[in-house]
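Working through the structure, step by step
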Amino acid sequence: MKQWTNWSNVSTNRKIFSAAVVIASLTFGAKLVSTAKELAVAASFGTGDAIEAFLVAFIVPSLAVAIISGSFNAAFIPTYVQVREQEGTDSAQRLLSNVLAWSALLLATATIGIVIAAPYYLPWLASGFSSEKLLETRRLLYLLSPIVIITGINTIWSAVLNADEEFALVALTPALTPFVVMTCLVIARGWGIIALTLGTVLGLVLEAGIICKALIRKQISPWPRWNEADAHLKQVLGQYLPMISGAFILASTSLINQAMAAMLGLGSVAVLNYGNRLIAVPISIGTTALGTAVIPYFSVMVAKNDWPGIRHTLRRYSLLIFGGAVPLTVALIVGSEPLVRLVYQRGAFTAEDTHLVAQVLALFALQIPFYVANIMMVRLISAMLANHILLIANIVMVLLSVSLNYLLIQRLGIAGIALSSSCVYLVTFFLLHFAWSRLSNNR
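The rules behind each value
- Every chain is numbered on its own, with residues counted from 1 as its sequence reads.
- Where totals are concerned, whole chains, interfaces and linings use all residues; where local detail is concerned, this predicted model gives features only for residues with pLDDT of at least 70, and gives and counts side-chain atom pairs only at 80 or more.
- Only hydrogens and water are set aside; all other atoms, that is, all heavy atoms of the structure, feed into the side-chain values.
- Among buried residues, the Ala, Val, Leu, Ile, Met, Phe, Trp, Tyr and Cys ones that are joined through side-chain atoms within 4.5 Å form a nonpolar core.
- Note on classification: 1.4 Å probe, protein chains only; a residue is buried when its accessible area is under 20% of the maximum for its type, exposed when over 50%, partly exposed between these limits.
- Helix and strand definitions follow DSSP, with helices as H or I runs of at least four residues and strands as E runs of at least two, each counted in order from the N terminus.
- Every residue pair with non-hydrogen atoms within 4.5 Å of one another is taken to be in contact.
- Confidence of the predictor at the level of single residues is given by pLDDT, which spans 0 to 100.
- Working definition: rings of Phe, Tyr and Trp (its six-membered ring) pair if their centres are within 6.5 Å, and the pair is stacked with planes under 30 degrees apart, edge-to-face with planes over 60 apart, and tilted otherwise.
- Two conditions define a charge located above a ring, namely a distance within 6 Å from the ring centre to NZ of Lys or CZ of Arg, and an angle within 35 degrees of the ring normal.

**Digging into the nonpolar core**
Core analysis: the biggest nonpolar cluster contains 131 residues, and Ile51, Phe76, Tyr80, Leu196, Tyr274 and Tyr344 have the highest contact counts within it. Top contributing element to this core by residue count: helix 3 (residues 49-87), with 18 residues. Dropping the residues within four chain positions of it, leucine 196 is found in contact with Val41, Phe45, Ile51, Phe54, Val181 and Leu185.

This is how it looks when you write it as structure tokens:
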């Protein structure tokens, strides 16, 4: 361990690599637990009405978290690191407390809005659902609505721990929720989909509690507090506006995908989600590890104007990403049907379901190299406080996604949405790389 620490401290690239290895290893362990949960869910609910109602109910709360807290992180962490490096921990704590207060207000407002507006947007989002299935979806949405505040605040807490290079705990805690879900499915078997819903909420509460305790142990206050708005908070809010606009636009892509899948008939939403969940395992390991590891170091290098170091890191990790992701993509495409059969085909999940999900998985797999590389580009552009570029990229993604969905669904059915997503990430990668090149040449 000491030799590994000595080796990793030699350069920034090695620090990033070391952090990414730690995060990837622990994230992989958490994903194994999550995969076991998916097996239990697939065996219990298959592609039936209950799981489709849950998946649609989960969409809006999870997107609200991604839009509000995810955008706050992208706008906040680079400034937080720069303030901590240049002005000390007291100024950084004051900024954190302000950001938590703003985020809590937005999350609470979003939660109320999600609940009140549910009767109006759910019929559009689940246009292919029967009235009974739509009513069940709304009931599950109400039960899931607290996760907006819980997960939203926990996202910011986790980002602060990562910025302090406490990567291990943040990478490991996501294993709690799938573990709690599986426990609930066993203990409360007779509750059906309610067991999955309550297990999800309880697991996220436990995750937040552990992260909160870790911050307190590091003498970082995790509580929102209103302080006088200073230049740093104004800088965060200035970056936040284009970020939340871009995230909102990007979130509409997922909503459109789900809504178009719901129009294709019974089981289509579940098929799309099962295929996406399998591809999310390698993607989330790569993006969580790399994205989490690079942003503190990118932020420090930007604060020090170390542009040669940034270019070197970008080249090195681009090669690593494509060198590792391309063989994985080929393997997932070739082995899509055996993998789906091994993971899902039992209980209520049939051989016909396996064939459909395998098609979706194979086409989703094409996005892996570009998706992971995009995360690195997004973190770099965000560290440079150039989030207006991400807003433009998100607009392009939505327009392209809608157009390709419409064209490809007519030829491939539900699998067309998967191919559309992969094409969108390919185009976005080249767009972000071009934007970075232009931006860096002006530095």
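After that view, the rundown keeps rolling.
**Observations concerning the confidence of the model for the chain**
For the chain, per-residue confidence averages 81 on the pLDDT scale, and 85% of positions sit at 70 or higher. The spread of mean pLDDT over the elements of the chain runs between helix 1 (residues 2-8), the lowest at 54, and helix 9 (residues 193-217), the highest at 93.

**Topic: the side chain of asparagine 374**
Checked against the element boundaries, asparagine 374 lands in helix 15 (residues 368-383). Dropping the residues within four chain positions of it, asparagine 374 is found in contact with Tyr425, Thr428, Phe429 and Leu432.

**Some details on unusual backbone geometry**
Unlike most non-glycine residues, glutamine 219 shows phi in positive territory, near 60 degrees. Among the secondary structure elements, glutamine 219 is positioned in the loop between helix 9 and helix 10 (231-262).

**Remarks on the packing of aromatic side chains**
Enumeration according to the criterion identifies 9 aromatic pairs in this entry. Ring centres 5.5 Å apart and planes at 65 degrees place the aromatic pair phenylalanine 322 and phenylalanine 429 in the edge-to-face group. Taken together, the positions of phenylalanine 322 in helix 12 (residues 307-334) and phenylalanine 429 in helix 17 (residues 415-441) put the pair 107 residues apart, joining distant regions of the chain. When its relative accessible area of 24% is taken as the criterion, phenylalanine 322 is described as partly exposed. Exposure remark for phenylalanine 429: the relative accessible area of 9% places this residue in the buried category. Where phenylalanine 370 meets phenylalanine 429, the ring centres are 6.0 Å apart and the plane angle is 55 degrees; that geometry is what we call tilted. One end of the pair, phenylalanine 370, is in helix 15; the other, phenylalanine 429, is in helix 17, with 59 residues separating them in the sequence. The exposure class of phenylalanine 370 is buried, given its relative accessible area of 18%. One residue, lysine 133, lies across the ring of phenylalanine 129, its end atom 4.0 Å from the ring centre.

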